[in-house]
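Summary of structural features
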Amino acid sequence: MMPQVRDSSASNAVPGCGPLIPPLSDALRPLRQQIFERVRAAGQIARVQVAKELGVSPASVTTGVSELIEAGLLEEVIAPREGDAGRGRPAVALGVRACAHRVAGMKLSDREHTAVIVDFAGNVIADEVVQRTPGAMSLPQLFQAMETLLDSVCAKAGIERTALTALGLGVPGFVDSGAGQVMWSSVMADRGVDLAALATAHLGLAVHIDNDANLVTLAELWFGAGRGLPDFAVVTIEHGVGMGVVVNHRIYRGAHGLGMELGHTKVQLDGALCRCGQRGCLEAYVADYALAREASTALNWVGKDGQSINVLLESLYDHAKAGNAAARSIFRRAGRYLAVGLSNVVNLFDPSLIILSGERMRYDYLYAADTLAEMENLAIATGRPRPPIEIHAWGDLLWAQGAAALALSAVTEGLLAGNRDGLREVAAQ
Ligand SMILES: [Zn+2]
């Protein structure tokens, strides 16, 4: 396809200048939503402090807060006053009304399915992990798995499924979160599935979906190391290689919600074959199936095709630890390719932090000193230090928590981003 050439002076026909941000969009949220999000982030905060932090008058905060309290989303809490020794009038602060809504977060993966239930303030009420046999599921199988998991985690939380306001669902693969569509996923037999709409109809519960790398990034942004950082990247290395990028405290998703596919950036022309059908993708050198492929060739592990990739990799890891040169070289090579990928992330985004997330086992080798040195050599020499790299070997429950954050933010968006009448309707319920 030929690139379109556009006369850039044509856009001058629009009056004014500066970015044309649509009203009440993600970049320009209504004041009451900003107030709510500020309170949720703070845990407890006084009205006057909210006004100060948002740069608006205390009167407009008071009005917004009254609406939010009336709608049952915020509540007044007694805040302990410092140095007061119990004397004087107790300070009144604001907090999220935790019981206002409950949502579920769920991650479906090749190895296990995980779920959490969180309240409106983000506290985890219950969690559940179910092991599974790997492989792509048909839609009925997928819904069955979701229902079983949902009922089980609800039972643990002591609530009915009907008590949930929404469900956030994470699957690996290419997911258009905004459109609710899964283009391709290793856990699904079908392609191009309107999963959010179908699951919503099937469960009778609003379902929001995203890919698992974005969800672990959301988890870091909402609950983890990324809470205070405006810009950071999370690179996930598991069955595939994924990435989530936060720009200005928000997840960057690209025009079609399909960006940040670090695993399919090319690191070698005409290189190794990738799961996506193309050649030379980073994933084809770093992901666990790539390591397993090398292992079965280099170590002549024929006849072990039936064994799970985990068993194969654990065995490879044990061999490497025991000093097997071939096994070590496989991890070393993967580490070098990872260094190429990470240096590209540094050169493109200049993030304040890179978090490596996924299973711990492989990191000992992938995150070796020479991998970092290689990354440093490949990143442009600015004289400034490279971003710190942290390893967060959290389990799948963190991903489910990210899915819950997705559901929470969708619920909040639905309640607060619309017009004022919407809030009134909620209050009347
Ligand atoms: Zn690929």
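Residues numbered from 1 in each chain as written. Predicted model: local features only at pLDDT ≥ 70, side-chain atom pairs only at ≥ 80, totals over all residues. Heavy atoms only, no water.

**A short note on the environment of Ile330**
The topology assignment puts Ile330 in helix α10 (residues 325-349). Judged by its relative accessible area of 3%, Ile330 falls in the buried class. Here the alpha-carbon distance between Ile330 and Ala320, two residues 10 residues apart in the chain, equals 8.8 Å. In this structure, Ile330 is in contact with Leu291, Glu294, Ala295, Ala298 and Leu316, ignoring residues within four places of it in sequence. (Helix = DSSP H or I, 4+ residues; strand = E, 2+ residues; numbered from the N terminus. Buried < 20%, exposed > 50% of the residue type's maximum accessible area, 1.4 Å probe, protein only. Contact = heavy atoms within 4.5 Å.)

**Structural notes on the pairing of strand β4 (residues 112-119)**
Counting buried positions along β4 gives 8 out of 8 residues, so the element sits mostly inside the fold. Neither face of β4 is left uncovered, since the one carrying Glu112, Thr114, Val116 and Val118 and the one carrying His113, Ala115, Ile117 and Asp119 both have all their residues buried. Here strand β3 (residues 102-108) pairs with β4 via 7 bridges, running antiparallel. Residue pairing in the sheet places Arg102 in a bridge with Asp119 of β4. Two successive antiparallel strands, β3 and β4, enclose a turn made up of 3 residues. Relative to strand β5 (residues 124-131), β4 runs antiparallel, the two sharing 7 bridges. The residue of β5 that forms the bridge with Glu112 is Gln131. Hairpin geometry of β4 and β5 is characterised by an intervening segment of 4 residues between the two adjacent antiparallel strands and by a positive phi of about 90° at Gly122. (Pairing = 2+ DSSP bridges.)

**So, the coordination of the zinc ion**
Under ideal tetrahedral coordination, the four donors around a metal are separated by 109.5 degrees; under ideal octahedral coordination, the six donors are separated by 90 or 180 degrees. His264 (ND1), Cys274 (SG), Cys276 (SG) and Cys281 (SG) make up the full set of protein donors to the zinc ion, lying at 2.0 to 2.3 Å. For the zinc ion, the 4 donor atoms in the first shell make angles of 104 to 120° at the metal, so the coordination geometry reads as tetrahedral. Given a relative accessible area of 15%, His264 falls into the buried group. A relative accessible area of 0% means that Cys281 is categorised as buried. (Donors = N, O, S within 2.8 Å, 3.2 Å for Na, K, Ca; no water. Tetrahedral: all angles 85-135°; square planar, octahedral: opposite > 155°, others 65-115°.)

**Quick look at the sheet that holds strand β12 (residues 250-252)**
If you walk across this open sheet you meet the 5 strands as β12-β11-β10-β13-β14, and the pairing is mixed. The sheet terminates laterally at β12 and β14 (389-392), the two strands that pair on one side only. On average, each strand axis in the sheet is tilted by 25° relative to the strand beside it, whichever way the strands run. Packing of α10 onto the sheet brings it into contact with β10 (232-237), β11 (241-247), β13 (354-358) and β14, and relative to β13 it is tilted by some 140°. (Axes fitted to C-alpha atoms, helices over the stretch in contact; angles between N-to-C directions.)

**A look at the sheet that holds β4**
Read across the sheet, 5 strands follow the order β5-β4-β3-β6-β9 without closing on themselves; strand pairing throughout is mixed. One side of each edge strand has no neighbouring strand; the edge strands of this open sheet are β5 and β9 (206-211). Direction aside, the axes of adjacent strands within the sheet are offset by 15° on average. Running at roughly 140° to β5, helix α4 (residues 139-157) makes contact with β3, β4, β5 and β6 (166-171) of the sheet. Where helix α6 (residues 212-223) meets the sheet, it contacts β3, β6 and β9, and its direction lies at approximately 100° from that of β9.

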